[in-house]
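Understanding the architecture of this molecule
For reference, the chains in residue letters:
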Amino acid sequence: MAAHVLIAGGGIAGLASALALARRRHRIDLLEQAVAFGEVGAGIQLGPNVTRRLQALGLSEGLMRVAARPEALVVRSATVGKEIARLPLGNAMLHSYAAPYLCVHRADLHALLLAAVRGTGAATLTTGARVTQVTARGDSVCAASADSRVWEADALIGADGLWSTVRPSVIEDASPPRATGHTAWRAMVDQSALPAALRSTRVDVWLGPRLHAVSYPVRRGDALNVVVLAEAAPEGDARDWDRRTSLAALQQATGRTCGELKALLEAVPSWRAWTLNDRPPLTGPHQMAGERIALVGDAAHPMLPYLAQGAGMAIEDAVALADALDGGSAAQVPAAFARYADERWERNANVQARARRNGEIFHATGLVRMGRDAALRLLGAKLLDVPWLYDA
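Only a predicted model underlies this, so the values are computations on that prediction, with no experimental measurement involved.

The next point concerns the nonpolar core. Counting residues in each nonpolar core, the largest one holds 73 residues, and the members touching the most others are Ile 7, Leu 109 and Tyr 340. Here this core takes 10 residues from helix α8 (residues 310-325), the largest share from any one element. Counting residues in each nonpolar core, the second largest holds 34 residues, with Leu 87, Trp 274, Val 351 and Leu 384 among its members.

Okay, here's the thing in structure tokens:
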């Protein structure tokens, strides 16, 4: 008999876990703290390693209806605008990795996952349920919500993000996430509202001293996602990534930029900011799972966005967890969770470390910046491609 699994968190990590497990005939209770399911307006880049897994979850057709398929990744100087390097995407990615490179609106991916989970008929979805207490009892796990409701199951998955309340049940770690001093400003704008010169079918990256900016199409190219990441503080408390901020604050953080980037920032009608936090790379499988409690996504391994793999690693986790448990019974949960943690921790740790390193490279100054640009001009696509990541 398949297992009964609780999932704390109804974001992308939680829904991907629910879908992957429901397809293996497990019974799911998913608990979401918000009063309604939803995601804020931001874009996500999905490399072939991620789209391959979404295809395996049966989402290929739906994904292609809402995603954009950028033709190239183009790296430019944020100060002078000159192109430094280029990596073909589009058919080139499909040929190299047998899966596409796509960009989606986070809300669109969330909606696809939510509809697919509901369609399985194997999941009970409960909103307004903020898990505040977790108790393991031999062969079962109990989760209690802030309003004193209690759920019991054979296993629990913590998919409740950076500030996870499930995490302490797996890891005796009292330290909070680390404030990096970096801030992300994000915006979404209809391409039809932009001057023709600012519209794009590419992933454009501008590298500058202590900052970089990225833009890419989403919603089949109808909208453009723009994000600026800088080593600067936002206005007010931006722990909540949905906090509104001003163009003036962004311009103060970026300083002088090239004309094209300056024009793009000014063309965006509104901005939201949040402070980036992370944790050190994982050091072992014990940080991803215990006997009957497993962590997925940011609850286990929050990472900086400098490899564009936060959502990707959460989706990889979800599929790996379902593969490890397969159709196993309640008695097989501890062994399955151990297999899952053994398989996943090193890859997640590597992506965490690479994301931190990319931040240093992207934001380099002085001679290091000059060396980086020279290497990109010389080696171009070879440096920008990441087969160890995309081919897994």
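It is worth spelling out the pairing of strand β4 (residues 72-77) at this point. Counting buried residues along β4, 6 of its 6 residues qualify, which places the element largely inside the surrounding structure. Of the two faces of β4, the one carrying Ala 72, Val 74 and Arg 76 and the one carrying Leu 73, Val 75 and Ser 77 are both buried. Here β4 folds back onto strand β5 (residues 83-88) in antiparallel fashion, the turn holding 5 residues, of which Gly 81 has a positive phi close to 85°. Strand direction decides the pairing type here: β4 and strand β13 (residues 203-208), joined by 5 bridges, are parallel. In the strand pairing of β13, Val 75 is matched with Val 205.

Before going further, it helps to spend a moment on the pattern of salt bridges. Applying the stated criterion across every chain, the model contains 15 salt bridges. A salt bridge links Glu 316 to Arg 53, with the shortest nitrogen-to-oxygen separation between them at 3.8 Å. Here Glu 316, found in helix α8, pairs with Arg 53, found in helix α2 (residues 48-56); they are 263 residues apart in sequence, far enough to count as distant. Judged by its relative accessible area of 18%, Arg 53 falls in the buried class. Residues joined by salt bridges that share partners form a network here, namely Arg 53, Glu 316, Asp 317, Arg 344 and Arg 347.

Right, let's talk about the sheet that holds strand β10 (residues 150-153) for a bit. One open sheet holds the 3 strands; their spatial order is β8-β9-β10, and the pairing between them is antiparallel. Only two strands of the sheet have a single neighbouring strand rather than two, namely β8 (131-137) and β10. Between one strand axis and the next, the sheet turns by 20° as a mean value, whatever way the strands run. In the sheet, strand β9 (residues 140-145) pairs with β10 via 4 bridges, with the strands oriented antiparallel. Looking across to β10, one finds that Cys 142 is bridged to Glu 152.

Now for the pairing of strand β1 (residues 4-8). Buried residues dominate β1, accounting for 5 of its 5 residues. Residues His 4, Leu 6 and Ala 8 of β1 are buried on one face, and the alternating residues Val 5 and Ile 7, pointing to the opposite face, are buried as well. Pairing analysis gives 5 bridges linking β1 to strand β2 (residues 27-31), with the strands arranged parallel. Within the sheet, the bridge partner assigned to Val 5 lies in β2 and is Ile 28. After leaving β1, the chain enters helix α1 (residues 12-22) and then returns to the sheet as β2, a path that is right-handed. Relative to strand β11 (residues 155-158), β1 runs parallel, the two sharing 4 bridges. The partner of Ala 8 across the bridge, within β11, is Gly 158.

Definitions and limits used
Residues numbered from 1 in each chain as written. Predicted model: local features only at pLDDT ≥ 70, side-chain atom pairs only at ≥ 80, totals over all residues. Heavy atoms only, no water. Core = buried A, V, L, I, M, F, W, Y, C linked by side-chain atoms within 4.5 Å. Buried < 20%, exposed > 50% of the residue type's maximum accessible area, 1.4 Å probe, protein only. Helix = DSSP H or I, 4+ residues; strand = E, 2+ residues; numbered from the N terminus. Pairing = 2+ DSSP bridges. Salt bridge = Lys/Arg side-chain N within 4 Å of Asp/Glu carboxyl O. Axes fitted to C-alpha atoms, helices over the stretch in contact; angles between N-to-C directions. Right-handed = clockwise from strand over helix to strand, strands pointing away.

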